[in-house]
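# Working through the structure, step by step
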Amino acid sequence: MGAYELSLLTLIGINVLLALSLNLITGFCGQISLGHAAFYGVGAYTAAMLTKAGIGFAPALVAGAAGAALLGLIVGIASLRVRADFLAITTMGVGFLFLGVVRQQEWLGGELGISQISESGLGETGFLLLVLGLAAGVFAISLYIKRSWMGFAFDSIADDEDTARTVGIDVARYKLVAFALGTAIAGVAGGLYAHYARIIVPDAFGFTVSISILAMVVVGGIGSTVGVLIAAVLLTLMPELFRFINDYKLLLYGGLLLLTMRFSPAGLAGLARLGWTAGRKAERRPA
Amino acid sequence: MSAPLLDVRDIEVRFDGLKAVDGASFSQARGTLTGLIGPNGAGKTTLLRTVTGTVRPVAGAVSLDGRDISALPVHRRARLGLGMSNQIVRPFRSMTVLDNVALAAGLDRTRNPLAALLAVGRTEQQARARDLLDLVGIADAADAEPENLPLGYLKRLEVARALALAPKLLLLDEPLAGLNHVEAGRLADTIATINQTGTTILLIEHNLSEVMRICGRLLVLDQGRLIADGAPREVMADPAVRAAYMGAEADAAA
Ligand SMILES: Nc1ncnc2c1ncn2[C@@H]1O[C@H](COP(=O)(O)OP(=O)(O)OP(=O)(O)O)[C@@H](O)[C@H]1O
Ligand SMILES: [Mg+2]
């Protein structure tokens, strides 16, 4: 495998992790987030600062996850009282707040970010295997959660939280679990990204990135683990294959978001189901 | 004699100036089937919602089984034994009819996120859900999406879902509305049977003939106040009750 393919696969793995992490919050539990990149950023900055300070790569990743989850819990608690439309604005605000704060901090490198981040020590192939292993693990965990009673409870909350309460669901606690889990995984993705790129700047965690992650979840089919995985791969490849797209990322992802919501609210997963039923009907028709 | 199962004290609810419930008090003994009637807008639904906790009163207290539950959130009250069927149906539209009920039947599985995470498999709860759907007469719609069902089915789904919580007190808000004459009679019989097998029931219903037939006691609410309480025949003969209903009819005619 060439260096380019190795690097691209690593990036795909990181984006799959990110998309699956948001899928837990937005897809499973129905809580919209327009600021997911902030948690990704907290993980990246935390892990980068720690390995630069001489701490090992593994504990730095864990600390990045913990930092992101802590912020996730705070945002989660703050958002328990707000309705869906306010949650979109709150999380967007958190995203901008994160950028604003990071840009102002000398010790975090300000606008220039952090460069010369330490190597993971795993080598490029080892690093890729770690990323793919984690992505596969989170994929498996997502499938499991969906099947468990936690997934069942999430379904009810995403559907109608007032009614969920009347059947005994402690909506607040379940939401906080979704936020903590999802943001912790985003934090891991951030730590991985920092040691993959080995240089991070605030803009790598900006609004465009939040929208890209959301686009992966929505295009894949909100809540469909397989659909989100496929969308994360496709949407990562697209700007790589067509370089000019990079300049229009926000436009493209925003457009894809709107198109999906307008024409196929269930995303790729919904289209696949439609195709499947249509195909079976066609088969049953006499030739 | 033991404490009543439900005790509602001096409940007062306001919606921007409007007093929806105005100092209502009553209690209900274990094992009874009580009807709560009154003209449209009397505050019946609102009063029941203060019991489940979905509406917060500005004053008053609610006790279940001798315990003051006024400060408890909705989900805790459901776990202590309160199940309510909604007048305006609220099925989970992303689930089948069966799963709507199975979720409620899995009260023990969903008690906290960790327990829920460790539990997989719904067969047991789905079997119980199927029995309950059968009990209320909509087992044929078990695998349907709520979206495609007529109101009469969704009303009974509400009842089955509330029953799945195995509540100590079952609160039913107009479960017979939307059912034809035969279905209504049958569901009323089922409600009476559920009561005879040990569940205490408080029933809001406009179908007075069925209420008179199955309830042992009637409460009448008018403009947020309880104006009568007693045996169904006596209550219906009460001039104040007649006036309340006549007044409402006169208003409707005007
Ligand atoms: N959420 C709300 N916001 C504002 N006003 C409300 C709300 N819910 C109920 N009301 C008002 O409170 C009063 C009592 O309503 P409620 O639904 O409790 O009456 P009801 O006795 O159940 O009537 P019905 O027999 O028509 O169901 C009505 O005037 C109603 O318009
Ligand atoms: Mg009502």
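Before reading further, recall that the structure is shown in the block above.
First things first, this report covers the structure right here in the doc. (Residues numbered from 1 in each chain as written. Chains lettered and ligands numbered in written order. Predicted model: local features only at pLDDT ≥ 70, side-chain atom pairs only at ≥ 80, totals over all residues. Heavy atoms only, no water.)

## Notes on the interface of chain B and chain A
Contacts between chain B and chain A engage 32 residues on the former and 25 residues on the latter. When the two sides are added together, the surface that chain B and chain A hide from each other amounts to roughly 2,500 Å², 66% of it contributed by carbon and sulfur. Counting across the chain B and chain A interface gives 12 residue pairs in polar contact (both at pLDDT 80 or more). Those elements giving two or more residues to the side of chain B that touches chain A turn out to be α2 (74–79), α3 (97–105) and α4 (113–118) of chain B. (Contact = heavy atoms within 4.5 Å. Buried area = accessible area lost by both parts, 1.4 Å probe. Polar contact = N/O pair within 3.5 Å; in protein donor to acceptor, adjacent residues only side chain to side chain. Helix = DSSP H or I, 4+ residues; strand = E, 2+ residues; numbered from the N terminus.)

## Some points on the coordination of the magnesium ion (ligand 2)
Residues and elements named next belong to chain B. Around the magnesium ion (ligand 2), the protein supplies T45 (OG1) and Q87 (OE1) as donor atoms, at distances of 1.9 to 2.1 Å. Of this pair, T45 sits in helix α1 (residues 44–52) while Q87 sits in the loop between β6 (82–85) and α3; the two residues are 42 residues apart in sequence, bridging distant segments of the chain. We classify T45 as partly exposed; its relative accessible area is 22%. The class for Q87 is partly exposed, based on a relative accessible area of 29%. (Donors = N, O, S within 2.8 Å, 3.2 Å for Na, K, Ca; no water. Buried < 20%, exposed > 50% of the residue type's maximum accessible area, 1.4 Å probe, protein only.)

## Looking at the pairing of strand β7 (residues 169–173) of chain B
Residues and elements named next belong to chain B. Buried residues dominate β7, accounting for 5 of its 5 residues. By the alternation rule, side chains of β7 split into L169, L171 and D173 and L170 and L172, which are all buried. Bridge analysis of β6 against β7 gives 4 bridges, and the strand direction is parallel. Following the sheet pairing, S85 is matched in β7 by L172. Each parallel crossover has a hand, and the one from β7 via helix α7 (residues 181–196) to strand β8 (residues 200–204) is right-handed. (Pairing = 2+ DSSP bridges. Right-handed = clockwise from strand over helix to strand, strands pointing away.)

## Some thoughts on the packing of helix α9 (residues 207–220) of chain A against helix α10 (residues 225–241) of chain A
Residues and elements named next belong to chain A. One can describe the packing of α9 onto α10 by two numbers: an axis separation of 7 Å at closest approach and a directional angle of 130°. Classified by the interaxial angle, the pair formed by α9 and α10 is oblique. The handedness of the crossing between α9 and α10 comes out as right-handed. Where α9 approaches α10, its residues A215, M216, V217, V219 and G220 are matched on the opposing element by G227, V228, A231, A232, L235 and T236. Across the contact of α9 with α10, the residue classes break down as 8 nonpolar, 3 polar and no charged. (Axes fitted to C-alpha atoms, helices over the stretch in contact; angles between N-to-C directions. Parallel < 35°, antiparallel > 145°, perpendicular 65-115°, else oblique. Left-handed = near helix turned anticlockwise from the far one by under 90°. Nonpolar A, V, L, I, M, F, W, Y, C, P; charged D, E, K, R; others polar.)

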